[in-house]
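Next come the chains, spelled out residue by residue.
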Amino acid sequence: MVRADQHRRPDPAPSDAGQAIIRFRARAAALVAAEAFFGDQPLDLEAVKAGFASATSPGRFEILRRDPTVIVDAAHNPHGAKALARTIAEEFDFESLFGVVAILADKDAEGILRELEPVVSRIVVTENKSERALSKEKLFEIAQKVFGPERTFMESDLRSAITYSMEEATLLNQVSEGANAVLVTGSVVTVGEAKKIVERIEKQFAKIDEAARLRAEALAATEQILPAALHEMFSSAAVKGWEEKELGDIATLVRGPFGGSLKKEIFVSAGFSVYEQ
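Residues numbered from 1 in each chain as written. Predicted model: local features only at pLDDT ≥ 70, side-chain atom pairs only at ≥ 80, totals over all residues. Heavy atoms only, no water.

Chemist: Tell me about the packing of aromatic side chains, and please be specific about residues and values.
Modeler: Applying the stated criterion across every chain yields a total of three aromatic pairs. Aromatic side chains Phe61 and Phe92 sit 5.1 Å apart centroid to centroid with 45 degrees between the ring planes, which places their arrangement in the tilted category. Linking Phe61 in the loop between helix 2 (45-54) and strand 2 (62-65) with Phe92 in the loop between helix 3 (78-91) and strand 4 (94-101), this pair joins segments that are 31 residues apart in sequence. For Phe61, a relative accessible area of 0% translates into the label buried. (Phe/Tyr/Trp six-rings, centres within 6.5 Å; stacked < 30°, edge-to-face > 60°. Helix = DSSP H or I, 4+ residues; strand = E, 2+ residues; numbered from the N terminus. Buried < 20%, exposed > 50% of the residue type's maximum accessible area, 1.4 Å probe, protein only.)

Shown next as structure tokens:
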């Protein structure tokens, strides 16, 4: 992890309305474009309804997981970043938002970051695997100008950036009443990689949860079996030919606690069996 400095400030509660707003705006724009293309020719309303019902927008304000909430959006220019920031500001109530950003070199990186700055609490810059990717060092330099050194961080690759941001958001969720989330954006390439990374992380979490479940089941089974085994061992002593005696009949009981003038060693050296509470 590279930081502009070591300052850390605890800085993110979402609503599903954000996705609905994105879809509505996208469909409205598509409808306007279709009407312009066909001119005076009326559109088939049923065809429009069927098209909208089956349409999806992968990578556009897509929520990949909850707790912490991880959102990906393929905004790759200032206009897209502005729409993204507006949706977050209007439809979500994050206490703080970690922005993971990787941008292609031919894009307006500073323009994108300036649109995101009002809604992103901390920015974690990195680079995707595209040959056209803007270097993380250059993006880090630009981000410091926009966000300031206290809010700017850099990770070597996208997986590290996402993992770091998810860990930080999870920690904040455990100690704060608000919701802290992660936003991954900057490029279609970035979003594609991010979805695969989060999917792998989810699989690891699932394995951990399954291991914890099996361990809990094993402990519960042990708690049930052990008393029964002890009961079987000691309740049928006579049947097994054991001679039953009271403990006091075969040993002198000296009860602790020991200390001061009552020394455990005195009794032990005198040959007493000592039972200490």
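Chemist: Lay out the packing of helix 4 (residues 109-116) against helix 5 (residues 136-147) in plain terms, naming residues and giving numbers.
Modeler: Axis separation between helix 4 and helix 5 bottoms out at 10 Å; the angle between their running directions is 40 degrees. With respect to helix 5, the axis of helix 4 lies oblique. By crossing handedness, the relation of helix 4 to helix 5 is classed as right-handed. Facing Ala109, Glu110, Leu113, Arg114 and Leu116 of helix 4, the residues of helix 5 in contact are Leu139, Ile142, Ala143, Lys145, Val146 and Phe147. (Axes fitted to C-alpha atoms, helices over the stretch in contact; angles between N-to-C directions. Parallel < 35°, antiparallel > 145°, perpendicular 65-115°, else oblique. Left-handed = near helix turned anticlockwise from the far one by under 90°. Contact = heavy atoms within 4.5 Å.)

Chemist: Could you give me a rundown of the nonpolar core, with the residues and numbers involved?
Modeler: One finds Ile88, Leu113, Ile123 and Leu139 to be the most contacted residues of the largest nonpolar core, which totals 31 residues. Top contributing element to this core by residue count: helix 5, with six residues. Here Ile88 is in contact with Phe61, Phe94, Leu97, Val119 and Leu183, once residues within four sequence places are set aside. Counting residues in hydrophobic clusters, the runner-up holds 21 residues, among them Val70, Val72, Val124 and Leu172. (Core = buried A, V, L, I, M, F, W, Y, C linked by side-chain atoms within 4.5 Å.)

Chemist: Describe in detail the pairing of strand 5 (residues 122-125), supporting the description with residues and values.
Modeler: The alternating pattern of strand 5 places Arg122 and Val124 and Ile123 and Val125 on opposite faces, both of which are buried. By the bridge criterion, four bridges tie strand 4 to strand 5 in an arrangement that is parallel. Directly across from Val101, in strand 5, lies its bridge partner Val125. For the handedness criterion, the β-α-β arrangement of strand 4, helix 4 and strand 5 is classed as right-handed. Direction of pairing for strand 5 relative to strand 6 (residues 152-154): parallel, over a ladder of three bridges. Following the sheet pairing, Val125 is matched in strand 6 by Met154. (Pairing = 2+ DSSP bridges. Right-handed = clockwise from strand over helix to strand, strands pointing away.)

Chemist: Report on the packing of helix 3 against helix 4, specifying residues and quantitative values.
Modeler: One way to put it is that helix 3 packs onto helix 4 with a least axis distance of 8 Å and a crossing angle of 10 degrees. Taken together, helix 3 and helix 4 sit at an angle that is classed as roughly parallel. Within the contact between the two elements, helix 3 uses Pro78, Ala81, Lys82, Leu84 and Ala85 and helix 4 uses Gly111, Ile112, Glu115 and Leu116. A per-class count over the contact of helix 3 with helix 4 returns six nonpolar, one polar and two charged. (Nonpolar A, V, L, I, M, F, W, Y, C, P; charged D, E, K, R; others polar.)

Chemist: An account of the pattern of salt bridges is requested, with residue identities and associated values reported.
Modeler: Within this structure, the stated rule accounts for 13 salt bridges. Of the charged contacts in the structure, one is a salt bridge between Arg114 and Glu110, with a shortest N-O distance of 2.9 Å. In this pair, Arg114 and Glu110 are both assigned in helix 4, four residues apart and thus about one turn of the helix distant. Given a relative accessible area of 44%, Arg114 falls into the partly exposed group. Between Glu110 and Lys145 there is a salt bridge; the shortest N-O distance is 3.6 Å. On the criterion of sequence distance, the pair formed by Glu110 in helix 4 and Lys145 in helix 5 is long-range, its members being 35 residues apart. Each of Glu110, Arg114 and Lys145 takes part in a single network of salt bridges with overlapping partners. (Salt bridge = Lys/Arg side-chain N within 4 Å of Asp/Glu carboxyl O.)

Chemist: I'd like a description of helix 6 (residues 158-175), backed by residues and values.
Modeler: Over its 18 residues, helix 6 extends 26 Å from the first C-alpha to the last, a length consistent with the 26 Å expected when each residue adds 1.5 Å. Of the residues that open helix 6, the one with a side-chain oxygen 3.2 Å from the backbone nitrogen of Arg159 is Asp157. (Expected span 1.5 Å × (residues − 1). Polar contact = N/O pair within 3.5 Å; in protein donor to acceptor, adjacent residues only side chain to side chain.)

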